[in-house]
Amino acid sequence: MTICGLIKNSEEPVPLQSISVDVVVQGFVADVVSELRYKNEEKNPVEVTFVFPLDDDAAVYAFEGLIGGTRIEAQIREKKKAQQEYEDALSEGKQAFLLERETSTSDIFTCSLGNLPPSGEATLKLRYVQALAPEPDGAVRFVLPAVLNPRYVPRGSEGGTVTQSVPRAPKGKLPYTLSLCASLKSSHRINRVESKCTLEPLLYTMEDHTAAQVSLAEGHQFDRDVELLIYYEEVHKPSAIFEAGKPGVASGSLMGDPALLVTLYPSLRCAPKPGLNATGEFIFLLDRSGSMDSSTDYNIPDAPHRIQSAKETLILLLKSLPLGCFFNIYGFGSSYDSFYPQSVEYTQQTMSESLQRVKALGADLGGTEILEPLKAIYSQPYREGHARQLFVFTDGEVSNTDQVIAEVGRHSSSHRCFSFGIGEGASTALIKGIARAAGGSAEFIVGKERMQAKALQSLKKALQPAATKISVRWDLPSGLEAVLVGSGPQVIFEGQHSLIYAQIRGQHQSSGASEGSVVLQYNFQDQTFTETMKFPLQAQKSDRLPVHRLAARALLQDLEGTGEKDEEKQRLALQTSLSSGVVCSQTAYVGVNTELGQPIQGPLVQRNVPLVLACSSAPRLMHKKRCKRAVLQCAPRPVMSQSCMEDYSLACLGMDHAAGNRSSAITNRSSTPRLYTFSF
């Protein structure tokens, strides 16, 4: 398999030596600590920039450094203040480090370490927590993402994306190592752990198999996403975690009061009404941009291309639609088209015709312009009595994530959106964001594994009528009050878990042990259903406060996740982020070594940490020392398909395809110029 892309100059030193990851999975919550170890082997001080992906649901809540034997705890600030504090420290010759999230998407972070002196060493430690969800086969899925594909910048968009400046290293050539150890804890038996990566044997640490440890085999190359599939004996049982507040923080606040996480599994115990499955309008939106011609899994030689995987999923769904419904199929890239001017009735003839046309589709439409076809779909008249269901298949390589989510959210009252992220590196912010915005669900497909189960589960959800009048009520002892954090469950599907976060205010007036309960109520097909969960009111103490951080993340998703810029919501999001320590689009962590005696001397050299090269074709990018201009340098062009060349030239170089204009595509936070040399 030919692999090419933004290639890093192999002679350039990379200060990042290793990444060590410690994961604690308790039921459906993963608490993660990542240690980044650096060493400067050059003659000048360096500034190291590391751009990396995280899951959209990750709540980053702490950042610290150990530099020259001095431990420095970073502080969360408004982003502009943090950036200015970092730049001021560098200009004064101080050592500093910065962690910030990409403004337009929630799944890309940038870690900067400045003024690391010659022979200097540093360790940066990042902490985050994430809620996990069961897969269709019952596995609880944890992913440590490694692949970050270049994000396409749509025509007319301002600025670029940080992914454009990320250097790439071929498979097996990453200059740093990865180790990962996971501790698993559950109230139910842990049956097994599976992964595409090579693991050490599962070690049970409790005789009843409710606790275990597993780690990556030695020598693992961080050139693919690390996926752990954890199989519990009773995965669909309701559960609750009641966590004590943070010591020293005033009561009455989210972090000071106890927090509760309740996991419920609603069961819609009624038969569908006659003729129900014959209704519905199913619209399929297929990404046909050049990047879809890439492999779904670069570590498997015969893995299908993304477009093939998407087409196979679409064909499976198309064959499974109920007779009497309506459907249409759209394809998009730099432009878009549709099979029919309007949705047509699903018959044997229209299905057969559409299947043949789907099989002939290719990744031949250039860039990734998803906003315009969405607007075209929403402009189509709705069919009375046929609820609209939108299925989106994409690798998610766009930079205007917030705009796309906002567009879907504006039409959430008239449809549901079910999204499929195709291939490694699919944007979790986009795939999960559009599904969350329109009351659907998101699935990720890499290769052919579990594809059929995921596709059919999404269709089953789409055929299920929407639950309405969803409400939550609490039964607590005297003196206690539960305040829902976030909007609570907005959609309910058969067998899918619902997470409820609450802040518990007040003082428990009873001296004896007691319990509380939560009741989830909703209407489905004119029937009222309730799900009740009792939980003990004995708060667990935790230094990391994972439930509190997850509750803050849920609230931030409500405030920022719609893509809309509402001033009051922005203010509340900033306040929540600063008080909880969970990073949002408006905040960043910054740390400065104030105990350094003499300022760092010498010209500061910029070094960017490479990621795995995981695109089938893209221009090569090599980074040099700081300079005042960017230089385009011609070289022999690598062999690549025309469609991939067009899409990735646009993505990585920030070209306006319509106007034929080129831009440097380097988006730097710092005003200090750097030199980048492009080879084609």
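Engineer: Just to check I follow, could you spell out the side chain of Glu35 for this structure?
Structural biologist: For Glu35, the position within the fold is in strand E2 (residues 29–39). Relative accessible area serves as the criterion here: at 18%, Glu35 is assigned to the buried category. One polar contact links Glu35 to Arg37, side chain to side chain, over a distance of 2.8 Å.

Engineer: What is the right way to read the packing of aromatic side chains from this model?
Structural biologist: Two descriptors summarise a pair of aromatic rings, namely the distance from one centre to the other and the angle between the planes of the rings. For the structure on display, the rule yields 18 aromatic pairs. Aromatic side chains Phe391 and Phe420 sit 6.4 Å apart centroid to centroid with 20 degrees between the ring planes, which places their arrangement in the stacked category. Here Phe391 is found in strand E23 (residues 388–394), whereas its partner Phe420 is found in strand E24 (residues 415–422), with 29 residues between them in sequence. Take Phe391: its relative accessible area is 0%, and that puts it in the buried class. A network of ring pairs unites the aromatic residues Phe282, Phe284, Phe391, Phe393, Phe418, Phe420 and Phe493 as a single cluster. The side chain of Arg192 reaches across the aromatic face of Tyr231, ending 3.7 Å from its centre. Positioned above the aromatic ring of Phe339, the side-chain terminus of Arg357 is 4.2 Å from the ring centre.

Engineer: Teacher, can you tell me more about the packing of helix H2 (residues 306–319) against helix H3 (residues 348–359) here?
Structural biologist: Each pair of packed helices can be described by the angle between their axes along with the distance between the axes. Interhelical geometry of H2 versus H3 gives an angle of 175 degrees and a closest axis separation of 10 Å. When the axis of H2 is compared with that of H3, the two are roughly antiparallel. Two secondary-structure elements touch here, H2 through Lys311, Leu314, Ile315, Leu318 and Lys319 and H3 through Met351, Ser354, Leu355, Val358 and Lys359. Taken together, the residues of the contact of H2 with H3 sort by class into six nonpolar, one polar and three charged.

Engineer: It is not clear to me how the packing of helix H5 (residues 401–410) against helix H6 (residues 428–437) should be interpreted in this structure. Could you clarify?
Structural biologist: Contact geometry for H5 and H6: axes closest at 8 Å, N-to-C directions at 20 degrees. One way to sum up the angle between H5 and H6 is to call them roughly parallel. As for how H5 packs across H6, the hand of that crossing is right-handed. The segment H5 lies against H6, with Thr401, Val404, Ile405, Val408 and Gly409 engaging Ala429, Leu430, Gly433, Ile434 and Ala437. Split into classes, the residues belonging to the contact of H5 with H6 amount to seven nonpolar, three polar and no charged.

Engineer: Before we go on, may I ask you to explain the sheet that holds strand E3 (residues 46–53) in this structure?
Structural biologist: Backbone hydrogen bonds are what pair the strands of a sheet, in a parallel or an antiparallel way. With mixed pairing, six strands are arranged side by side in an open sheet as E6-E31-E7-E8-E3-E32. Lying at the two open borders of the sheet, with one neighbouring strand each, are strand E6 (75–78) and strand E32 (605–608). When strand polarity is set aside, the average angle formed by the axes of neighbouring strands in this sheet is 20 degrees. Together, E3, E6, strand E7 (96–101), strand E8 (108–116) and strand E31 (587–592) form the strand contacts of helix H1 (residues 79–91), whose direction differs from that of E7 by roughly 155 degrees.

Engineer: Got a minute to help me understand the side chain of Ser580 in this structure?
Structural biologist: Here Ser580 lies in helix H9 (residues 567–580). Taking the relative accessible area as the measure of exposure, Ser580 reaches 2% and is therefore buried. With near-sequence residues (within four places) excluded, Ser580 lies in contact with Met255, Arg549 and Ala552.

Engineer: Please clarify how the pairing of strand E28 (residues 498–506) should be interpreted in this entry.
Structural biologist: Pairing of strand E18 (residues 259–264) with E28 involves six bridges; the strand directions are antiparallel. What sits directly across from Thr263, in E28, is Leu499. In this sheet, E28 lies alongside strand E27 (residues 480–484) in antiparallel orientation, the contact comprising five bridges. Directly across from Ala482, in E28, lies its bridge partner Ile504.

Engineer: Please clarify how unusual backbone geometry should be interpreted in this entry.
Structural biologist: Note: most residues except glycine have negative phi, and most peptide bonds are trans. Here the phi dihedral of Asn115 falls at roughly 60 degrees; this positive angle occurs in a residue that is not glycine. Along the chain, Asn115 turns up in strand E8. Taking the relative accessible area as the measure of exposure, Asn115 reaches 4% and is therefore buried. Despite not being glycine, Leu545 shows a phi value in the positive range, around 50 degrees. Residue placement: Leu545 occurs in the loop between strand E30 (527–536) and helix H8 (546–560).

Engineer: Is there a simple way to think about the environment of Leu126 in this case?
Structural biologist: With respect to the helices, strands and loops of the structure, Leu126 is situated in strand E9 (residues 121–131). Classification of Leu126 by relative accessible area gives buried; the value is 7%. Each C-alpha atom, one on Leu126 and one on Ala62, is 6.0 Å from the other, the two residues being 64 residues apart in sequence.

Engineer: Teacher, can you tell me more about the sheet that holds strand E13 (residues 190–194) here?
Structural biologist: The three strands are arranged E10-E16-E13 in an open sheet whose pairing can be described as antiparallel. In the strand order of this sheet, the two ends are held by strand E10 (140–144) and E13, each with one partner. Shown here is a sheet whose adjacent strand axes are inclined to one another by a mean of 20 degrees, direction ignored. Examined bridge by bridge, E13 and strand E16 (residues 226–232) share four bridges and lie antiparallel to one another. Across the sheet, the residue bridging to Ile190 is Tyr232, located in E16.

Engineer: When you look at helix H4 (residues 371–379) in this model, what are you seeing that I'm missing?
Structural biologist: An α-helical turn contains 3.6 residues, so any two residues separated by three or four positions project in the same direction. Among the residues of H4, Leu371, Pro373, Leu374, Ala376, Ile377 and Tyr378 are the ones counted as buried. Its buried side turned inward, H4 meets strand E19 (281–287), strand E20 (326–332), strand E21 (336–338), E23, H5 and E24.

Engineer: Whenever I open this one, the environment of Phe493 confuses me. Can you help?
Structural biologist: One can find Phe493 in the loop between E27 and E28. The buried category is assigned to Phe493, whose relative accessible area is 1%. In this structure the C-alpha to C-alpha distance between Phe493 and Ser267, which are 226 residues apart in sequence, comes to 8.1 Å. For Phe493, the residues in contact, after removing those within four places along its chain, are Pro266, Arg416, Phe418, Gly439, Gly440, Lys461 and Gln464.

Engineer: Explain the pattern of salt bridges to me, please; I cannot follow it from the model alone.
Structural biologist: Applying the stated criterion across every chain yields a total of 27 salt bridges. A salt bridge links Arg436 to Asp56; the nearest nitrogen and oxygen atoms lie 3.0 Å apart. Highlighted residues: Arg436 in helix H6 and Asp56 in the loop between E3 and strand E4 (59–67), separated in sequence by 380 residues. Residue classification places Arg436 among the partly exposed residues on the basis of a relative accessible area of 38%. The class for Asp56 is buried, based on a relative accessible area of 2%. With a shortest N-O distance of 3.0 Å, Glu64 and Arg71 are connected by a salt bridge.

Engineer: Whenever I open this one, helix H7 (residues 451–463) confuses me. Can you help?
Structural biologist: In this model, H7 (13 residues) spans 18 Å end to end at C-alpha, consistent with the 18 Å of a helix rising 1.5 Å per residue. Along H7, the residues that are buried comprise Met451, Lys454, Ala455, Ser458, Leu459, Lys461 and Ala462. All buried residues of H7 project into a common sector of 160 degrees when viewed along the axis, lining one side. In this structure, the buried side of H7 is in contact with E19, H2, E23, E24 and strand E25 (442–445).

Engineer: What am I meant to see in the confidence of the model for the protein here?
Structural biologist: A low pLDDT score tells you not to read the predicted coordinates there in detail. Put simply, the protein has an average pLDDT of 83, and 84% of its residues get 70 or more. Long-range and interchain partners of residues 1–8, a stretch whose pLDDT sits below 50, account for 40 contacts in this model, where long-range means more than four residues apart. The low-confidence segment residues 616–680 (pLDDT under 50) makes 174 contacts with residues lying over four places distant or belonging to another chain.

Criteria and cut-off values
- Every residue gets a number counted from 1 within its own chain, in the order that chain's sequence is written.
- At least 70 in pLDDT is required for a residue's local features to be given in this predicted model, at least 80 for side-chain atom pairs to be given and counted, and no such filter applies to totals for whole chains, interfaces and linings, which use all residues.
- Only hydrogens and water are set aside; all other atoms, that is, all heavy atoms of the structure, feed into the side-chain values.
- Going along the chain from the N terminus, every DSSP run of H or I of four or more residues is numbered as a helix, and every run of E of two or more is numbered as a strand.
- For every residue, the accessible area (1.4 Å probe, protein chains only) is compared with the maximum for its type, and the residue is labelled buried under 20%, exposed over 50%, or partly exposed between those bounds.
- Two N or O atoms count as a polar contact when they lie within 3.5 Å, although within protein this holds only if one can serve as hydrogen donor and the other as acceptor, and sequence-adjacent residues are included solely when both atoms are side-chain atoms.
- Any Phe, Tyr or Trp ring, taking Trp's six-membered ring, that has another such ring centre within 6.5 Å forms a pair; planes under 30 degrees apart are called stacked, those over 60 apart edge-to-face, and the others tilted.
- As a reminder, the over-ring test applies to NZ of lysine and CZ of arginine, requiring each to be within 6 Å of the ring centre and within 35 degrees of the ring normal.
- Note on geometry: axes are lines fitted to C-alpha atoms, helical ones only across the stretch in contact, with angles between N-to-C directions running from 0 to 180 degrees.
- Should an angle fall under 35 degrees it is taken as roughly parallel, and over 145 as roughly antiparallel, whereas 65 to 115 is taken as roughly perpendicular and any remaining angle as oblique.
- Residues count as neighbours in contact if any of their non-hydrogen atoms are within 4.5 Å of one another.
- Side-chain classes are defined by residue name, with Ala, Val, Leu, Ile, Met, Phe, Trp, Tyr, Cys and Pro counting as nonpolar, Asp, Glu, Lys and Arg as charged, and the others, Gly among them, as polar.
- Here is the rule for handedness: rotate from the far helix to the near one, and if that takes an anticlockwise turn smaller than a right angle the crossing is left-handed, while a clockwise turn gives right-handed.
- Paired strands, in this sense, are two strands between which DSSP finds at least two bridges.
- Salt bridge, as used here, is a side-chain nitrogen of Lys or Arg placed within 4 Å of a carboxyl oxygen of Asp or Glu.
- Under the convention used throughout, the expected extent of a helix is 1.5 Å for every residue step, that is, one less than its residue count.
- Here, the arc refers to the directions that run from the helix axis to the C-beta atoms.
- For every residue, the pLDDT score states the predictor's confidence, bounded by 0 at the bottom and 100 at the top.

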